[in-house]
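# Structure at a glance
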There are 2 protein chains.
Amino acid sequence: MRIAVDVMGGDMGPAEMIPGALMARDQYGAQVIFVGDEETIKAHLKENGRDESDIEIVHAADSISMDEDPLAAVRHKRDSSMVVAAKLVREKKAQAAVTSGSTGALVAAGPLVVGRLKGASRPALATPIPTVGGHPCVILDIGANPECQAKNLLEFAIMGSAYASALLGIDNPSIGLLSNGTEASKGTSVIVQANQMLSGSGLNFVGNIEARSIFYGEADVVVMDGFAGNVVLKLSEGLGSAIFDMVKEEMSKGCMVKAGALLVKPALKSVKRRMDYSEYGGAPLLGLSGLLVKAHGSSNRKAFANAIRVTSELLDRGLVEKMSQSLSAMVDGEA
Amino acid sequence: MRIAVDVMGGDMGPAEMIPGALMARDQYGAQVIFVGDEETIKAHLKENGRDESDIEIVHAADSISMDEDPLAAVRHKRDSSMVVAAKLVREKKAQAAVTSGSTGALVAAGPLVVGRLKGASRPALATPIPTVGGHPCVILDIGANPECQAKNLLEFAIMGSAYASALLGIDNPSIGLLSNGTEASKGTSVIVQANQMLSGSGLNFVGNIEARSIFYGEADVVVMDGFAGNVVLKLSEGLGSAIFDMVKEEMSKGCMVKAGALLVKPALKSVKRRMDYSEYGGAPLLGLSGLLVKAHGSSNRKAFANAIRVTSELLDRGLVEKMSQSLSAMVDGEA
């Protein structure tokens, strides 16, 4: 299984992404294709004391910046590292591409460059998020489709089920539908319809769940539209930071508390790490005939290597094939 | 300003709500009308060593439970304590009603029993939530209207502005619109349209804001539909508890950390209290010709008294009149 790695993206750029890709290759045995400006890559390989003949490089003259219009960039910058990496997936020269570049561009490149699986009318971005005392919970869509129909949510459930199964090693993951109440009658008209479709889908559907339950592992997968998904993700990040900021503020008051703060610092750090979903290896765009994986924009080499490692494992576990089969079965069931 | 208090609701019932109403009356000088089963009220007054002749009681033979269909309950249980309290507001015998009963019933009772203000096509439930290092942020709608049109969001902004101004003592509060990106083009078609309407509204509109910014006080008021509002509120509760549970888990590991945990316990408690939005006095249903205020279902006497006190202050500051004027001005501007 070969992975095309866009080494030009992310806040830290090639200086961090290239060592990250090397780590994934050497320590985790991932079969990495380095995609980006050839000279830049060669210079960084030299800096890291590596022989370039050892490494597969595919040159991409251009790159997409974070502030460009994603759709226009993917359409017009055909030589950008992200589009070139996605093309390698379309041409089956790679089975997945990993980038820490623009999420919007990745979402546009999926259907435009790689192509959709039969039955996946809208690819969706998924991510695992931490829960209390259990394995992570997979949520999707986290931003690819702000507005959804009930049918899209059903497709997300099928894709999320395959992904959670491959990522977490769970058979027949339980699926929840995010709503503003647990009763089947709760939510917008789209949610009410999606609840009915999911109930008859043959998936392990556990019904509507409320946002508070996500962090307590009430379902292995929670399905939502991309607007709600963005709210869930951004709110979790914001509130997580806010709580830690408040705890810091409070712990700077009074000598005894300050002394205690030093002692519990490792515990707080450990919780902060648990809350950091980038630990779980990036967010895949599901529903394509290959995997496109978004590593966090702020990824350092270790986080980037981790995203590549997880991607490699997902491929080994046959995620794309299984997702394709489930989606096809749904389409055939309708026909 | 008189406040009709439904003393039959909440997880703790009359045994806690009646002393709460007494506290609000005696300590905060609120003019409280006790609404509920007369015998129960009299028995509790006696238990608290109070002379019943001192207290204004309006008898309500029935009450609405949490698991009833809210709309049916409000329609058919005309003698329930919540409906009787709302009727007192409609008849101008009280200017506000406070309850810790069913939120759904409160939302139904607003337009059905009290009646809407001109220009408020959909009453909205609002609540203050804590932010880092500043005053709370008002969010609405938090659940009354899962599905909204752009016009409703504009009305929420007008109502939220008046409420934040009265609650927090801010002139011309800044208004943000929750979206999945700060650019005006981001969001669903309804959000994009609402952004345009808010930009031309004369309100102090600061544009779209992302969920993470809510807790950092980027706007005094953040407007959203009731589905998103429910997600924001429930997620905050859930994640807040989850983080504290994880911190506890980590702090029970290792002797040094355990010792530190004892020292920082007060600091953590203080943060937990700051995160508890019930401290801010309940959630008002805005857009009615009177105030209906929902105190948290788990309110004890102190929290309930606090909700009554805040309601009394909002009335004194002319919230309903100011909201009515702003909404009328919008309608007149359209004509």
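Residues numbered from 1 in each chain as written. Chains lettered and ligands numbered in written order. Predicted model: local features only at pLDDT ≥ 70, side-chain atom pairs only at ≥ 80, totals over all residues. Heavy atoms only, no water.

## Observations concerning the nonpolar core
Counting 243 residues, the largest nonpolar core has I214(A) and I214(B) as the members making the most contacts within it. Apart from residues no more than four positions distant in its own chain, I214(A) is found in contact with I129(A), T131(A), C137(A), I139(A), L178(A), I209(A), V222(A), M224(A), V232(A) and L235(B). (Core = buried A, V, L, I, M, F, W, Y, C linked by side-chain atoms within 4.5 Å. Buried < 20%, exposed > 50% of the residue type's maximum accessible area, 1.4 Å probe, protein only. Contact = heavy atoms within 4.5 Å.)

## Topic: the packing of helix 6 (residues 150-168) of chain A against helix 7 (residues 189-199) of chain A
Two quantities define a packed helix pair, namely the angle between the helix axes and the distance between the axes. Residue and element names in this part refer to chain A. The N-to-C vectors of helix 6 and helix 7 enclose an angle of 45 degrees; their axes lie 8 Å apart at closest approach. With respect to helix 7, the element helix 6 is oriented oblique. Here the hand of the crossing between helix 6 and helix 7 comes out right-handed. Residues A150, K151, L153, L154 and A157 of helix 6 form the contact with helix 7, whose own contacting residues are V190, I191, Q193, A194, M197 and L198. A breakdown of the residues in the contact of helix 6 with helix 7 according to their chemical character gives nine nonpolar, one polar and one charged. (Axes fitted to C-alpha atoms, helices over the stretch in contact; angles between N-to-C directions. Helix = DSSP H or I, 4+ residues; strand = E, 2+ residues; numbered from the N terminus. Parallel < 35°, antiparallel > 145°, perpendicular 65-115°, else oblique. Left-handed = near helix turned anticlockwise from the far one by under 90°. Nonpolar A, V, L, I, M, F, W, Y, C, P; charged D, E, K, R; others polar.)

## Regarding the environment of M17(A)
All names here are of chain A. Relative to the helices and strands, M17 resides in helix 1 (residues 14-28). Residue M17 is classed as buried on the basis of its relative accessible area, which comes to 0%. Distance in space between the C-alpha atoms of M17 and N300 is 7.2 Å, their sequence separation being 283 residues. If we skip the residues at most four places from it in the chain, M17 touches V7, G9, S100, S299, N300 and F304.

## Observations regarding a positive patch on the surface
A contiguous patch of positive charge on the surface is contributed by K248(A), K265(A), K269(A), K272(A), R273(A) and K302(A). Positionally, K302(A) belongs in helix 10 (residues 301-316). (Patch = residues over 30% accessible without salt bridge, like charges linked within 9 Å, V, L, I, M, F, W, Y side chains within 5 Å. Areas by Shrake-Rupley, 256 points an atom, 1.4 Å probe, with all protein chains shown as cover. Salt bridge = Lys/Arg side-chain N within 4 Å of Asp/Glu carboxyl O. Lys, Arg positive; Asp, Glu negative; His and termini not counted. Charge placed at Lys NZ, Arg CZ, Asp CG, Glu CD.)

## Examining the relation of the copies chain B and chain A
Aligned on chain A, chain B shows an RMSD of 0.1 Å; the corresponding rotation is 180 degrees and the shift along the axis is 0.0 Å. Each copy turns onto its partner about a two-fold axis. Considering only C-alpha atoms, the residue of chain B closest to the rotation axis is G260(B), which sits at 1.9 Å. Both copies share a contact surface, since 100% of the interface residues of chain B are interface residues in chain A too. (Least-squares fit on C-alpha atoms with pLDDT ≥ 70 in both.)

## A look at the pairing of strand 10 (residues 283-286) of chain B
All names here are of chain B. Covered by surrounding structure in strand 10 are A283 and L285 together with P284 and L286, the residues of both alternating faces. Alignment of strand 10 against strand 11 (residues 291-294), held across three bridges, turns out to be antiparallel. In the strand pairing of strand 11, A283 is matched with K294. Turn length for the strand 10-strand 11 hairpin, with the two strands adjacent in sequence and antiparallel, is four residues, and the turn residue G287 shows positive phi of about 105 degrees. (Pairing = 2+ DSSP bridges.)

## Quick look at the confidence of the model for chain A
The pLDDT averaged across chain A works out to 91; a share of 98% of its residues lies at or above 70. Interface scoring of the predicted complex returns ipTM 0.86; its pTM is 0.89. (pLDDT = per-residue confidence, 0-100.)

## Section: the side chain of D141(B)
Residues and elements named next belong to chain B. In this fold, D141 is placed in the loop between strand 6 (137-140) and helix 6 (150-168). Buried charge without a partner: D141 forms no salt bridge, and the closest opposite charge is R122, 6.8 Å away. For D141, the side chain forms a polar contact with the main-chain nitrogen of G143, separated by 3.3 Å. In terms of polar contacts, D141 uses its side chain to reach the backbone amide nitrogen of A144, at 3.0 Å. In this structure, D141 is in contact with A124, L125, F156, M224, D225, G226 and G229, ignoring residues within four places of it in sequence. (Polar contact = N/O pair within 3.5 Å; in protein donor to acceptor, adjacent residues only side chain to side chain.)

## Thoughts on the interface of chain B and chain A
Contacts between the two partners involve 53 residues from chain B, matched on the other side by 53 residues from chain A. A buried area of about 4,900 Å², summed over both sides, lies between chain B and chain A, and 74% of it is on carbon and sulfur atoms. If you sort the residues of chain B by the area they bury against chain A, F227(B), L235(B) and M246(B) come out on top, with a joint share of 14%. On the surface where chain B and chain A come into contact, there are four salt bridges. K234(A) serves as the salt-bridge partner of E210(B), at 2.5 Å between the closest nitrogen and oxygen. The tally of links between chain B and chain A comes to twelve residue pairs in polar contact (both at pLDDT 80 or more). Mapped onto the side of chain B that touches chain A, the elements with two or more residues apiece are helix 7 (189-199), helix 8 (226-251) and helix 9 (255-275) of chain B. Examining the composition of the side of chain B that touches chain A, we find that 22 residues originate from one element, helix 8 of chain B, more than from any other. Of the residues belonging to the side of chain B that touches chain A, the class tally is 30 nonpolar, 14 polar and nine charged. (Buried area = accessible area lost by both parts, 1.4 Å probe.)

## Notes on the side chain of N152(A)
Residue and element names in this part refer to chain A. In this fold, N152 is placed in helix 6. The exposure class assigned to N152 is buried, which follows from its relative accessible area of 5%. There is a polar contact of 2.8 Å between the side chain of N152 and the backbone nitrogen of Q149. Other than its neighbours up to four places away in sequence, N152 contacts S121 and R122.

## Thoughts on the packing of aromatic side chains
For the coordinates displayed, the defined rule picks out zero aromatic pairs over all chains. The side chain of R309(A) reaches across the aromatic face of Y28(A), ending 5.5 Å from its centre. (Phe/Tyr/Trp six-rings, centres within 6.5 Å; stacked < 30°, edge-to-face > 60°. Lys NZ or Arg CZ within 6 Å of the ring centre and 35° of its normal.)

## A look at the state of the cysteines
All names here are of chain A. Summed over the entire model, instances satisfying the criterion amount to zero disulfides over all chains. C137 takes part in no disulfide bond, and the closest cysteine sulfur to it belongs to C148, at a distance of 17 Å. Judged by its relative accessible area of 0%, C137 falls in the buried class. (Disulfide = S-S within 2.5 Å.)

## Re the environment of E39(A)
Residue position: E39(A) is located in helix 2 (residues 38-47). As for E39(A) and A61(A), which are separated by 22 residues in sequence, their C-alpha atoms are 9.8 Å apart.

## Here we look at the sheet that holds strand 2 (residues 31-36) of chain A
Residues and elements named next belong to chain A. Here we have eleven strands laid out as an open sheet, ordered 3-2-1-4-11-10-5-6-9-7-8, and mixed in their pairing. Of all the strands in the sheet, the pair left with one neighbour each is strand 3 (56-59) and strand 8 (205-209). Each neighbouring strand pair of the sheet contributes to a mean axis angle of 25 degrees, computed without reference to strand direction. Relative to strand 11 (residues 291-294), strand 4 (residues 96-99) runs parallel, the two sharing four bridges. Of the residues in strand 11, the one forming a bridge with A97 is L292. Across the sheet, helix 10 is in contact with strand 1 (2-6), strand 2, strand 4 and strand 11; its angle to strand 1 comes to roughly 150 degrees.

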